[in-house]
Amino acid sequence: MDVELENRDPPVEVETVGNEVAPSEPSEVNQDEYAYLDATGFTSERFKIEIKNLPKYYGISELKKLLNKKLNLATSKIKIMDRGCPFIFVCFRGEPERQNAIKAVNGYSWKGKTLTAVEAKPSPDPLVKRRREAERDPMEVIKKRKTVEESVTSLAYLSYDYQIKQKQSEMQNILVKFSDEVWKNCPNLRPYVEAQRKEYEGMICPLEEIRRSPKIDGYRNKCEFSIGKNSQGEVTIGFRMGAYCKGVVEVEGIANLKHISDKMKGSVQLFEEFVRASKYEPYSAELYTGHFRLLTVRTSSATGQVMVIVGFHPQQLTADELKDLKSSIVDCLTSEKAKQIGISSVYFEPMEKKTSGSEERPMEHLSGDTHIVEEIHGLKFRISPKAFFQINTPGTEVLYQSAIDMASTDDKTTILDICCGTGTIGLCFARHCKQVFGVEIIDQAIEDAKHNAELNDVKNCNFFAGNADDLIMSLVRKANVQEGEKLVAIVDPPRAGLHVRSITQLRNARGLNRLIYVSCSPKSALKNWFDLVRPASKTLRGSPFVAKKAIAVDLFPHTPHTELMILFEREPDTDAEGAVTTVDN
């Protein structure tokens, strides 16, 4: 079962979530907007419903649990619209399943809202629709078309001083919105919120001056480049100019993009020449034919290393054909030109069309190093192909130092690093505190974190693989914080934020009186922030936090994205003896 979601990193492409779908493997281009429904004899788009009157705040996992477990529905795809949107679309595998879903959902009460469900018409193929629009009015389509620079680096035309000024203003607006939400939904906090607003220009807490990125151009250390054809039909490696649901499949080149380094551009150019000379075509999102899909490039500013990951759809190629292809990829990416660029690691990633219940095929290491190494605050970090690592290394040093300053740690402080990834934040904190406990759901990331601790001879960090929703209380107990000691949580979740269960555990953990929330998508974090500060309830039994201070850090020059950190504090909560305790969820 698929859910259309956002990625962790701020996107370098313009992708929007809508209710349209890509066609199901048509064998040839068809100008009928609904031809794809009959292309293979089956598509769940036929059996779609619209669920209306959803609550303003809910988690994706909560929604999946409601539909698939509580209501026992066999959903095929859940199509989330904009966050906070009161309706969604859900697809099923057949008409009986759709009708059963309508009966189950209609009139169901969830989070104070009575849901309604109706049949939804299938969406027209957006690419065919766009072609028809172009036939009717070619000039109008040309007018709407953006350049790759406008799509990917929409602020690059502004001076950096003005970009910073604009981002500071946007972060202030988000904090004003946060204070509005608290005032509206927490009547008992209104006097406090009103006093804060008067003092801090409508915000619930002070916002310090935004921290600038030390590097403005060429700062990205990772990019995922699409392999396709540009508007002239030439094989191109770069960025899709939009999503298929907007009728866009063209890929445009990256030569003029300011935020991409010369090493990365050189890697792309080298492999683009290889693909153009290859007998294999780029993958077609429209026809589901072709092979080359994605080129991921990771770089290290510390060592100059470059990792290249080739995403390839094997289609029906034989084992011998794939072996020959991989050999030719290695020849290209280990050539003298590749060595001059700094390419030191080559991977091959099979990328087939996902089906329900299918597992991803593992990456294959083809040549060179298995990892690259980056440095932050004098510490070395091993980066594996799929590991999360902040995409602006110099900016990350500013971000982490700001978090360290904000946390006010000492040798009696224990850090809980929630969503720790490869341990970068925790290891940077290690020299400033007593001990660090990190948790991350991705096993490979935890292996990297443990390796990074050994690599830097850091003895006071412990990392655990698992879901933060289940492990936060266990880590609080492991910390065994005593009277006179402090427990501080650093939360750096994916763009969608933390699951409500994690927020519940953080709220319920007595002795956890300081929390720093780091978000690369502050608008998406509003629900988490609100749950931290709203009054105690049967679920959120711990005392509420208070937003004390916010700092924005610009990790993404030339784009609208900004990291925002908020320091939350609450009064210490102790038992009769004064020892820190926990409440099981």
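Further up the page is the structure itself.
Residues numbered from 1 in each chain as written. Predicted model: local features only at pLDDT ≥ 70, side-chain atom pairs only at ≥ 80, totals over all residues. Heavy atoms only, no water.

S.K.: Would you take a moment to explain the pairing of strand β16 (residues 379-383) for this structure?
M.R.: As a general feature of sheets, a regular strand has side chains that alternate between the two faces. Counting buried positions over the 5 residues of β16 gives 4, a clear majority of the element. Hairpin connection from strand β15 (residues 372-376) to β16: 2 residues lie between these consecutive antiparallel strands, with His377 at a positive phi of about 55°. (Buried < 20%, exposed > 50% of the residue type's maximum accessible area, 1.4 Å probe, protein only. Helix = DSSP H or I, 4+ residues; strand = E, 2+ residues; numbered from the N terminus. Pairing = 2+ DSSP bridges.)

S.K.: Sorry if this is basic, but what is going on with the packing of helix α6 (residues 160-185) against helix α7 (residues 190-199) here?
M.R.: When two helices pack together, their arrangement is given by the angle between their axes and by how far apart the axes lie. Direction vectors running N to C along α6 and α7 enclose 155°, while the axes themselves pass 9 Å from each other. Our classification of the angle between α6 and α7 gives roughly antiparallel. Crossing of α6 against α7: the hand is left-handed. Each of Ser179, Asp180, Val182, Trp183 and Lys184 in α6 lies in contact with α7, whose residues at this interface are Arg190, Val193, Glu194 and Arg197. Taken together, the residues that form the contact of α6 with α7 break down as 3 nonpolar, 1 polar and 5 charged. (Axes fitted to C-alpha atoms, helices over the stretch in contact; angles between N-to-C directions. Parallel < 35°, antiparallel > 145°, perpendicular 65-115°, else oblique. Left-handed = near helix turned anticlockwise from the far one by under 90°. Contact = heavy atoms within 4.5 Å. Nonpolar A, V, L, I, M, F, W, Y, C, P; charged D, E, K, R; others polar.)

S.K.: For this particular structure, what's the right way to read the sheet that holds strand β19 (residues 461-465)?
M.R.: Neighbouring strands of a sheet are bound in pairs by backbone hydrogen bonds; such pairs are parallel or else antiparallel. Ordered in space as β19-β18-β17-β20-β21-β23-β22, the 7 strands form an open sheet in which the pairing is mixed. Since the sheet does not close on itself, it has two edges, and those belong to β19 and β22 (546-553), each with one partner. Averaged over all adjacent pairs, the angle separating strand axes in this sheet is 15°, with direction ignored. Pairing analysis gives 5 bridges linking strand β17 (residues 413-418) to strand β18 (residues 435-440), with the strands arranged parallel. Residue pairing for β18: Thr414 is matched across the bridge by Gln435. Those strands touched by helix α14 (residues 468-479) are β17, β18, β19 and β20 (486-491), and its axis lies near 165° from that of β18. Of the strands in this sheet, β21 (512-519), β22 and β23 (563-569) are in contact with helix α16 (residues 522-533), which crosses β21 at around 170°.

S.K.: Sorry, what's going on with helix α2 (residues 95-105) here?
M.R.: Helical geometry note: an α-helix holds 3.6 residues per turn, so side chains three or four residues apart project in the same direction. Turning to α2, its buried residues number three or more, namely Arg98, Ala101, Ile102 and Val105. Along α2, the residues classed as buried sweep out an arc of 100° about the axis, all on the same side. In α2, the exposed residues that point more than 90 degrees away from the buried face are Pro96 and Lys103. Looking at the buried positions of α2, the neighbouring elements they touch are β2 (48-52), α1 (60-70), β4 (88-92) and β7 (116-120). Within two residues after α2, Gly107 carries a phi angle of roughly 85°, on the positive side. (Arc of directions from axis to C-beta.)

S.K.: Help me understand the packing of aromatic side chains, please; the structure alone is not making it clear to me.
M.R.: For any pair of aromatic rings, the description consists of the separation of the ring centres together with the inter-plane angle of the planes. For the structure shown, the criterion picks out 13 aromatic pairs. Considering the side-chain rings of Tyr280 and Phe312, the 6.0 Å spacing of their centres and the 85° angle between planes classify their relative orientation as edge-to-face. Here Tyr280 is found in the loop between α8 (262-277) and β11 (292-299), whereas its partner Phe312 is found in strand β12 (residues 306-312), with 32 residues between them in sequence. Classification of Tyr280 as buried rests on a relative accessible area of 11%. Here a set of aromatic residues connected by ring pairs shows up, and it is made of Phe271, Phe274, Tyr280, Phe292, Phe312 and Phe348. Sitting over the ring of Phe89, Lys48 keeps its end group 5.0 Å from the ring centre. Taking NZ or CZ as reference, Arg293 lies 4.0 Å from the ring centre of Tyr283, over its face. (Phe/Tyr/Trp six-rings, centres within 6.5 Å; stacked < 30°, edge-to-face > 60°. Lys NZ or Arg CZ within 6 Å of the ring centre and 35° of its normal.)

S.K.: I'm lost on the sheet that holds strand β9 (residues 235-240) in this one. Help?
M.R.: Within the open sheet, the 7 strands sit side by side as β10-β9-β8-β11-β12-β13-β14. Their pairing is mixed. Each end of this open sheet is capped by a strand with a single partner; those strands are β10 (251-252) and β14 (364-368). In this sheet, β10 lies alongside β9 in antiparallel orientation, the contact comprising 2 bridges. When the bridges of β10 are listed, Arg240 appears paired with Val251. Along the sheet, helix α9 (residues 319-333) contacts β11, β12, β13 (343-350) and β14; its crossing angle with β13, the most-contacted strand, is approximately 155°.

S.K.: Got a minute to help me understand the environment of Phe89 in this structure?
M.R.: The topology assignment puts Phe89 in strand β4. The exposure class of Phe89 is buried, given its relative accessible area of 9%. Along the backbone, Phe89 and Ile78 are 11 residues apart, and their C-alpha atoms lie at a distance of 6.2 Å.

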